[in-house]
Amino acid sequence: MTRRILAVLHARNLEYVRDRSTLGWNIALPVLLVFGLGFIFSGGPQPLFKVGVISDVDAPASVLNPFLSTPHVSFYPVRDRERALRKVARHQVDLVLDLRSGEQRYWVNGESPRGYVVERLLLQSDDAGLRRETVEGREVRYVDWVVPGVLGMNIMFSCMFGVGYVIVRYRKSGYLKRLHATPLSAAEFLIAQVASRLILMLLVTTGIFAGTNLILDFTVEGSYLDLLVLLVLGISALLALGLVVAARVHSEELAGGLINLLVWPMMIVSGVWFSLEGTPKLMQLAAKLSPLTHLLDGARAIMLDGASLGEIADHIAILALMTVSFLGLGAYLFRWSAD
């Protein structure tokens, strides 16, 4: 019996080692993740406070206002004042400072403890007599911010692995080869796969959202219908991406490696657990290539800011374009058999 076990063990080890693609992914994936995480979180300790600065003059910080030289405070340029003020209202930014000619004022949330401390620091170092403006709003809980990320992560894994593994298994078992003998085209087969998984994911995600919302009472400022439209497009784009991965692969191990190579970086750079503000610009640009990023950014805009579909039209358009492009590419690359 021992010899038989050792023989099977040896055969399985050889099979694994000789599958160069699977072995390569298993080695490369953790290395890429470690370097990616190291790049994202590189740098010194995070500052204690965050302040947005509006300015129309390119000058040293100490010239614009001595407060801008305060240590342990992160100052970042503001291009959209209304968006920055919404963050002050939600306690995500501690203060917004407007140093433009003729403005010279600042906004603070009177109910924010961190805003109170930053305002005291500003008044101690300011000689220009900045005008005080207040912004009202309740603090957005972390659960309100992170719930789109958690649901989006679940959608991503279900879409990518659900579709990818199913089609690879169909191909490996010869089921696709039998389907090929019917009048069914590749595009029709892929559309049916997307539609089936889309219905299931909509039901599951809606049920999870409704159930947990009864207990945690999420902040939803916008329309539930707008949220549903965005959800349909986001799921469709991720499903279509999963089809591209499974279009030609005939090994379940290789499919798992390819899918992991996509889903883990997407989970890291798409803002599932943390905001991308303050991360390297290259990382923020890379995040825009992920359909999960546009799904999460759009969902948070609707839920936290009360945005309409028109206000997130860029995310809607990109998700629609990704869905059509991935479906077209998947249909073009699709193979019925493993031969």
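Residues numbered from 1 in each chain as written. Predicted model: local features only at pLDDT ≥ 70, side-chain atom pairs only at ≥ 80, totals over all residues. Heavy atoms only, no water.

Student: Let's hear about the overall build of the chain: which residues, and what values?
Tutor: Across its full length, the chain carries 13 helices and five strands. Relative to its 339 residues, the chain shows a buried fraction of 43%. If you take every contact in the chain between residues at least 6 apart in sequence, the share linking residues at least 24 apart comes to 78%. Summed over all atoms, the accessible surface of the chain reaches about 18200 Å², with 63% contributed by carbon and sulfur. (Helix = DSSP H or I, 4+ residues; strand = E, 2+ residues; numbered from the N terminus. Buried < 20%, exposed > 50% of the residue type's maximum accessible area, 1.4 Å probe, protein only. Contact = heavy atoms within 4.5 Å. Areas by Shrake-Rupley, 256 points an atom, 1.4 Å probe, with all protein chains shown as cover.)

Student: I'd like to hear about the layout of surface pockets, residue by residue, with values.
Tutor: What the second largest pocket holds in volume is close to 330 Å³. If you go around the second largest pocket, you meet 18 residues; those closest to its centre are Leu151, Thr205, Phe209, Leu227 and Leu231. Where the lining of the second largest pocket is concerned, the elements lending two or more residues are helix 6 (142-173), helix 8 (186-216), helix 9 (224-245) and helix 12 (291-305). Take the lining of the second largest pocket: its biggest share by element is six residues, from helix 9. Here the residues of the lining of the second largest pocket sort into 15 nonpolar, three polar and no charged. (1 Å grid on protein atoms, 1.4 Å probe; cavity = no way out; pocket = protein on both sides within 12 Å on 5 of 7 lines; lining within 4 Å. Points joined across faces, edges and corners; volume = space filled by probe spheres on them. Nonpolar A, V, L, I, M, F, W, Y, C, P; charged D, E, K, R; others polar.)

Student: Before we move on, can you summarise the packing of helix 9 against helix 10 (residues 252-269) with the specific residues and values?
Tutor: Viewed as axis vectors pointing N to C, helix 9 and helix 10 meet at an angle of 145°, and their least axial separation amounts to 10 Å. Like other packed secondary-structure pairs, helix 9 and helix 10 cross with a definite hand, here right-handed. For the pair helix 9 and helix 10, the contacting residues are Leu238, Leu241 and Val245 in the first and Ala255, Leu258, Ile259, Leu262 and Met266 in the second. Looking at the contact of helix 9 with helix 10, its residues break down into eight nonpolar, no polar and no charged. (Axes fitted to C-alpha atoms, helices over the stretch in contact; angles between N-to-C directions. Left-handed = near helix turned anticlockwise from the far one by under 90°.)

Student: Please provide a residue-by-residue account of the nonpolar core, values included.
Tutor: Counting residues in hydrophobic clusters, the biggest one holds 59 residues, and the most contacted among them are Met156, Ile167, Phe189, Leu230, Ile235 and Phe334. Elements with a contribution of two residues or more to this core: helix 6, helix 7 (175-180), helix 8, helix 9, helix 10, helix 12 and helix 13 (313-333). It is helix 9 that contributes the most residues to this core, 13 residues altogether. Residues contacting Met156, with those up to four places away along its chain left out, are Leu238, Val263, Met266, Met267 and Leu292. (Core = buried A, V, L, I, M, F, W, Y, C linked by side-chain atoms within 4.5 Å.)

Student: Describe the packing of aromatic side chains, with residues and values.
Tutor: The full count for this structure, using the stated rule, is four aromatic pairs. With a centroid separation of 6.1 Å and an interplanar angle of 80°, the aromatic rings of Phe157 and Trp264 are classed as edge-to-face. Of this pair, Phe157 sits in helix 6 while Trp264 sits in helix 10, and the two are 107 residues apart along the sequence. Accessibility expressed as a relative area gives 24% for Phe157, which makes it partly exposed. For Trp264, a relative accessible area of 33% gives the class partly exposed. Both rings, one in Phe209 and one in Tyr224, keep their centres 6.5 Å apart while their planes meet at 75°; by these two values the pair is edge-to-face. Here Phe209, found in helix 8, pairs with Tyr224, found in helix 9; they are 15 residues apart in sequence, far enough to count as distant. For Phe209, a relative accessible area of 13% gives the class buried. (Phe/Tyr/Trp six-rings, centres within 6.5 Å; stacked < 30°, edge-to-face > 60°.)

Student: Lay out helix 9 with the relevant residues and their values.
Tutor: Counted at 1.5 Å a residue, the expected span for helix 9 with its 22 residues is 32 Å, and the 32 Å between its end C-alpha atoms agrees. Of all the 22 residues making up helix 9, 17 are buried; the element is thus mostly covered by neighbouring parts of the structure. (Expected span 1.5 Å × (residues − 1).)

Student: So, the sheet that holds strand 5 (residues 131-135): which residues are in play, and what are the values?
Tutor: The sheet built from five strands is open, its strands ordered 2-1-3-4-5 with mixed pairing. Unpaired on one side and paired on the other, strand 2 (73-77) and strand 5 mark the two borders of the sheet. Geometrically, the sheet is characterised by an average inter-axis angle of 25° between neighbouring strands, direction not taken into account. Two strands pair when backbone bridges link them, and strand 1 (residues 49-54) and strand 2 are joined in this way by five bridges, in the parallel orientation. When the sheet's bridge partners are listed, Phe49 is paired in strand 2 with Val73. Packed onto the sheet, helix 4 (residues 81-89) meets strand 1, strand 2, strand 3 (95-98), strand 4 (105-109) and strand 5 and runs at close to 35° relative to strand 4. (Pairing = 2+ DSSP bridges.)

Student: Can you lay out the side chain of Asp226 for me, pointing to particular residues and giving the numbers?
Tutor: Looking at the secondary structure, you find Asp226 in helix 9. Despite its burial, Asp226 pairs with no opposite charge; the closest candidate is Arg86, at 14 Å N-O. Once residues lying within four places of it in the same chain are set aside, the contact partners of Asp226 are Ile302, Ala307, Ser308 and Leu309. (Lys, Arg positive; Asp, Glu negative; His and termini not counted. Salt bridge = Lys/Arg side-chain N within 4 Å of Asp/Glu carboxyl O.)

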